Amino acid sequence: MKLAYKIFIASSLLLASLASHAKPIKILVEDSWPPFAFKKENRAVGMSIDIVRAAFKNVGENIELVQVPYTRCKAQTATGRFVACFNSAHSKEMDSDFLFPKEPLFKSKGLIIANSITVKTKPTKVKDLEGKTVALPAEFPFGKEFDENYRINKIFTSSDQTSLMMLRSNRVSFVAIDEYVYYYYLKNHPEFKNSFHVVLELSEESIFVHFSKKHKDTQELIKKYDVGLAMLKLSPKYNEILEDWVGVKGQKKVQIFSSTDVVFEN
């Protein structure tokens, strides 16, 4: 059942949201997870970055992104040195250390990918992966059933591209990968075309910007961010950002909120 979001905004908050801060707000973002956030020609680029910039722009806020490795992104937000960081998913650990907004950046599923050889033994459930080698990135959740199955021989790699290269050369049996990451690599790396098959879908995760519990600006900024992101999802620009990064096939996977789902009240 689809849940509707109702965002109630007092007139004072709405007016305040339209006035930019004198200085940009510094927000942390990870530096090596295409297509969500990574470095290109020494610039911060990515699908999540475009979404976050557009969301804050909708409420008149300028942001300055500071790009760091993900572990540092979390640590410096937890201490309150920075107000927010992305990309992240809910977990017991994350929920204890950070505040999450109502609006996710997007939702996506984990996928199990096979090549032309391993697809002949197609798994129908997570348990079928036991005893098999599965390449995947560290620190990304693929659902409790997969994450807590220690009979799966998980090979943690430095990047999703490395995982796919290992699968193409038949060095692992399968790859676990986020669906948007998969579509991004298919769109931008011709060498992967017709090399892989999706054999299993894992759980769906909501991906967020997470906010510090210790920063003085968190409460005000998280409300503004939720408003700006909800506005973005009601506009054509949201779909355009997704399609730019992952193509039409990837873009169609995201959950779009209709105009009846978000209600603004003065």
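Quick look at the structure, then. The numbers attached to residues start from 1 for each chain and follow its sequence in the written order. Only residues with pLDDT of at least 70 are given local features in this predicted model, and only at 80 or more are side-chain atom pairs given and counted; all residues enter the totals for whole chains, interfaces and linings. The side-chain numbers reported here are obtained from all heavy atoms of the structure, hydrogens and water having been left aside.

### Details of the state of the cysteines
The definition used for a disulfide is geometric: two cysteine sulfur atoms within 2.5 Å. Applying the stated criterion across every chain, the model contains one disulfide. The disulfide partner of Cys73 is Cys85, and the gap between their sulfur atoms is 1.9 Å. Between Cys73 and Cys85, the S-S dihedral sits near 125°, and the bridge is therefore right-handed. Taken as a pair, Cys73 in helix α3 (residues 70-78) and Cys85 in strand β7 (residues 84-88) lie far apart in primary sequence, 12 residues in all. Accessibility expressed as a relative area gives 0% for Cys85, which makes it buried. Numbered from the N terminus, helices here are DSSP runs of H or I no shorter than four residues, and strands are runs of E no shorter than two. Burial here depends on accessible area, computed with a 1.4 Å probe over protein chains only, as a share of the maximum for the residue type. Under 20% is buried, over 50% is exposed, and the range in between is partly exposed.

### So, the nonpolar core
Joining through side-chain atoms within 4.5 Å is the link that ties buried Ala, Val, Leu, Ile, Met, Phe, Trp, Tyr and Cys residues into a set, and such a set is a nonpolar core. Formed by 68 residues in total, the largest nonpolar core has its most connected members in Met47, Ile51 and Phe146. Apart from residues no more than four positions distant in its own chain, Phe146 is found in contact with Ile112, Val126, Leu129, Val134, Leu136, Ile152, Lys154, Ala176 and Leu202. In this structure, Tyr70, Cys73, Phe100 and Phe208 belong to the second largest nonpolar core, which totals 10 residues. Residues are treated as being in contact if the distance between any of their heavy atoms lies within 4.5 Å.

### Quick notes on the packing of aromatic side chains
Each Phe, Tyr or Trp ring, with Trp reduced to its six-membered ring, pairs with another whose centre is within 6.5 Å; inter-plane angles below 30 degrees give stacked pairs, above 60 give edge-to-face pairs, and intermediate values give tilted ones. Applying the stated criterion to the full structure yields 16 aromatic pairs. Pairing Phe38 with Trp245 gives two aromatic rings, centres 5.9 Å apart and planes at 85°, and the pair type is edge-to-face. With a gap of 207 residues between them, Phe38 in strand β4 (residues 37-40) and Trp245 in helix α9 (residues 236-251) connect regions that are remote in the sequence. Aromatic side chains Phe211 and Tyr225 sit 5.8 Å apart centroid to centroid with 55° between the ring planes, which places their arrangement in the tilted category. Here the residue Phe211 occupies a position in strand β13 (residues 196-212), and Tyr225 occupies one in helix α8 (residues 218-233), the gap between them amounting to 14 residues.

### Considering the sheet that holds β4
Strand pairing within a sheet occurs via backbone hydrogen bonds; the two strands may be parallel or antiparallel. Strand order in this open sheet of three strands is β3-β4-β5, and the pairing throughout is antiparallel. The sheet is open, and its two borders are formed by β3 (32-33) and β5 (43-45), each paired with just one other strand. Pairing between strands requires that DSSP locate at least two bridges from one strand to the other. As judged from the two bridges shared by β3 and β4, these two strands associate in the antiparallel manner. Directly across from Trp33, in β4, lies its bridge partner Ala37.

### Comments concerning helix α7 (residues 179-188)
The element α7 is largely enclosed, with a buried count of seven among its 10 residues. Those residues of α7 not exposed but buried are Glu179, Tyr180, Val181, Tyr182, Tyr183, Tyr184 and Tyr185.

### Thoughts on the layout of surface pockets
Gaps between atoms show up when a probe of the same size as a water molecule is rolled over them. In this analysis a 1.4 Å probe is tested at points of a 1 Å grid over the protein atoms alone, and where it fits but cannot get out there is a cavity; an open set with protein on both sides within 12 Å along at least five of seven lines is a pocket; lining residues have an atom within 4 Å of a point. Grid points are joined across faces, edges and corners, and a volume is the space filled by probe spheres set on the points. If you add up the space inside the largest pocket, you get close to 950 Å³. What lines the largest pocket is a set of 38 residues, and nearest its centre among them are Tyr70, Ala138, Glu139, Phe140 and Pro141. Roughly 240 Å³ of internal volume is contained in the second largest pocket. What lines the second largest pocket is a set of 14 residues, among which Pro24, Ile25, Lys26, His215 and Asp217 lie closest to the centre.

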